[in-house]
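Below are the chains, spelled out letter by letter.
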Amino acid sequence: MKIFDRVAWISKVLSCLTCTLFTFCFVTFAVAEEPALKMIKNSSDNRILLVFVHGIRSDAEDAWTNPRTRAYWPELIAADASLEHINVATFQYPASALSRDGLRINEVGRNLKVFLDVQMQRHDQVVFVAHSMGGLVVRSMLLNYRESFDTPLAIFLAVPVAGSDLANWARALGLGANNAFVQGLEPLQQNDTLESWISQWAAWTSTGKPRVLCAYERVRTAGVFVVEQANMLQGCDDVPLGVAANHSDIAKPSGSDALIYQFVAAALQSMNAETFVPRLKGDVRLTDASLFQGKPVIAHTISLDADVWLPPRAQIFAHNVFLNGHKLIGHDLAILADTVSDGVIQSASSEAGGEAGDLVIVAQRLSGVELNAMGSDGSPGRDGRHGTAGANGNAGRKGNCDGFGKWRAAQAGGNGGNGAAGGNGENGGDGGDGGRIFIATVLQSGVLTNVAAGRGGPAGQGGQGGPGGTGGPGGRGCTGLGGTQGNAATGRDGTDGVDGRNGLPGGDGRTGQVWRAELSSLPALRAVSSMPASDSLADYADVLFEDLKSDVRLAASQ
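Just so it is clear, the model here is predicted, and its values are computed rather than measured. (Residues numbered from 1 in each chain as written. Predicted model: local features only at pLDDT ≥ 70, side-chain atom pairs only at ≥ 80, totals over all residues. Heavy atoms only, no water.)

Caption draft 1: Spatial organisation of the packing of helix H3 (residues 105–119) against helix H4 (residues 133–144). For the pair H3 and H4, interaxial distance at closest approach is 8 Å and the crossing angle is 70°. In terms of axis orientation, H3 runs roughly perpendicular to H4. Like other packed secondary-structure pairs, H3 and H4 cross with a definite hand, here right-handed. Two secondary-structure elements touch here, H3 through Ile105, Asn106, Val108, Gly109, Leu112, Lys113 and Leu116 and H4 through Met133, Leu136, Val137, Ser140, Met141 and Asn144. (Axes fitted to C-alpha atoms, helices over the stretch in contact; angles between N-to-C directions. Helix = DSSP H or I, 4+ residues; strand = E, 2+ residues; numbered from the N terminus. Parallel < 35°, antiparallel > 145°, perpendicular 65-115°, else oblique. Left-handed = near helix turned anticlockwise from the far one by under 90°. Contact = heavy atoms within 4.5 Å.)

Caption draft 2: Fine view of the nonpolar core. If you look at the biggest cluster of nonpolar residues, it comprises 32 residues, and the most contacted ones within it are Val51, Val53, Phe91, Leu116, Phe128 and Phe156. Elements represented by at least two residues in this core include exactly strand E2 (48–53), strand E3 (86–92), H3, strand E4 (125–131), H4, strand E5 (153–157) and strand E6 (211–217). The element that contributes the greatest number of residues to this core is H4, accounting for seven residues. In this structure, Phe156 is in contact with Ala130, Gly135, Val138, Arg139, Val212, Leu213, Cys214 and Ala215, ignoring residues within four places of it in sequence. If you look at the next biggest cluster of nonpolar residues, it comprises 31 residues, including Phe52, Ile155, Ala158 and Ala258. (Core = buried A, V, L, I, M, F, W, Y, C linked by side-chain atoms within 4.5 Å. Buried < 20%, exposed > 50% of the residue type's maximum accessible area, 1.4 Å probe, protein only.)

Caption draft 3: Spatial organisation of the pairing of E5. When you tally the buried positions in E5, you get five out of five residues, the bulk of the element. As judged from the four bridges shared by E4 and E5, these two strands associate in the parallel manner. Bridged to Val129 within E5 is Ile155. Read from E4 through H4 to E5, the crossover connection turns out right-handed. (Pairing = 2+ DSSP bridges. Right-handed = clockwise from strand over helix to strand, strands pointing away.)

Caption draft 4: Up close: the confidence of the model for the protein. With 73% of its residues at a pLDDT of 70 or more, the protein shows a mean pLDDT of 77. Per-residue pLDDT, averaged within each element of the protein, yields its smallest value for helix H1 (residues 3–28) (38) and its largest for helix H2 (residues 73–79) (96). Of the regions scoring below 50 in pLDDT, residues 1–32 engages in 43 contacts with residues more than four places distant in sequence or in other chains. Within the model, the stretch residues 273–281 combines pLDDT values under 50 with 34 contacts to residues more than four positions away or in other chains. (pLDDT = per-residue confidence, 0-100.)

Caption draft 5: Summary view of the environment of Leu37. Tracing the sequence through the fold places Leu37 in strand E1 (residues 36–41). A relative accessible area of 16% places Leu37 in the buried class. Sequence separation between Leu37 and Val53 is 16 residues; the distance between their C-alpha atoms is 9.6 Å. When residues no more than four places from it in sequence are discounted, the contact partners of Leu37 are Val51, Ala89, Thr90, Phe91, Phe115 and Gln119.

Caption draft 6: A look at the pattern of salt bridges. Applying the stated criterion to the full structure yields eight salt bridges. Lys38 is paired through a salt bridge with Glu61; the nearest N and O atoms lie 3.8 Å apart. With Lys38 in strand E1 and Glu61 in the loop between E2 and H2, this residue pair connects regions lying 23 residues apart in the sequence. Under the relative-accessibility criterion, Glu61 is labelled partly exposed at 41%. (Salt bridge = Lys/Arg side-chain N within 4 Å of Asp/Glu carboxyl O.)

Caption draft 7: Region of the structure containing the state of the cysteines. One pass over the structure, following the stated rule, counts two disulfides. The disulfide bridge from Cys214 ends at Cys236, spanning 2.1 Å between sulfur atoms. Between Cys214 and Cys236 the sulfur-sulfur dihedral comes to about -100°; the bridge is accordingly left-handed. Highlighted residues: Cys214 in strand E6 and Cys236 in the loop between E6 and strand E7 (241–243), separated in sequence by 22 residues. There is a disulfide in this structure between Cys401 and Cys478, and the S-S distance comes to 2.0 Å. Disulfide Cys401-Cys478: torsion about the S-S bond near 90°, hence right-handed. In this pair, Cys401 sits in the loop between strand E14 (358–372) and strand E15 (436–445) while Cys478 sits in strand E17 (residues 478–480), placing the two residues 77 residues apart along the sequence. Residue Cys478 is classed as buried on the basis of its relative accessible area, which comes to 14%. If the cysteines joined by disulfides in the protein are listed in sequence order, their pairing comes out as 1-2, 3-4. (Disulfide = S-S within 2.5 Å.)

The following block contains the structure:
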């Protein structure tokens, strides 16, 4: 054998032995624990839940702990001030690769859903960071239960979406040959399950599909890539990130300044708390407008315990809206529901003379409801100010009749001042126009509508002119050694001020319109279950309701 041939042969043997050793490690060491979801951070104020999901032959502690710094990734996220709006949890499941009785990947996904069903009673959205086979667990869960959760983001780290060649080594060596996990990791060419998941993911075009970010290993483990780059590309929504770490260490950042940490944190930071739509679960007792923060509100049932004023352009998507005899008031208010009953829904302006706006009610059943879109009355004109009274004249000085050079004539009284003119009254404000009501229902009873215009405000009254001042009395005369003199003349009274003019009354607004369409079915209701998450729902809802207005007008005119 030539020397070069011997070297090549020895190299192949060493490579085989290395891969064999790694394969044994890959499928052997694992922690068998009961499935569990452990909360690392659990603030009652947070509505977003981040779940870490580990891979094969690992667990919820070791998978995310850096061996050198002992940094634990879930705790790094929990302590990050820029991510304070996110709660953090880890999902633990038995990840042994040797047991004949191991769970299948989709069964682990079902376990994960059971835990999430509990947590999502108080969270609106769930996002994932998944490593290796944990990404397949998340992927299977999302595909099987895609309508169950609002999941805007999933981050996959070295996830063998198309399988791993190491699973073939394991089966060839008889290691974990009957294990469901090892079978689930077989390459795509002999793995119908992975091939089916890839096809389903590609065909998932409805709203609600999460954005997927990916990262892959660029350092070999025992001479091989556990997950080749080509086997993890399917389904990534951006250019994957190559990381100078092996298959295990890619999920173990040394600290918050590590590349992989920054990659994930940046994605999470872009989803600040304000971008998410409240997705309320169960029954909601509505007593104020605190749930309406510029985003549409989705709920199963909304019940009113009091009259509630909503912010402008409020939008509600619910199966049931029970008014319980109260008023739900907004401006440009829109409701899409299965049942709306027993109370008043009103689109109105809180300002005098304001237009009523639009009221859109699309409901399968509408019962015992008064729908109002009435313009506000104009503001009354202010009355003019009354004129001030003229000042009274000063009293004249008394005369002096003493002799010996002390004679002094009595002084006339001062004239009274003129009264000031009264101010003009202001015109009354114009009344607001009645609004538009769009009603689309399948069944309705006891429904009243009112689109009356607001009345013009009354005119302000002109102010009264001020009274003129009284002339001052003349000085008194006298008799003495020097002679006698009579009383001096009294001053003239001032003239009264002119009254102000009355204002004009405001004009009445214009009466609104009602479009009513009674349909045999209501396909628009299906839009609720397919609405996109995040801030895009606000734009989507605007478009939806504008389309519904057009549809109702068209149906009502036929």
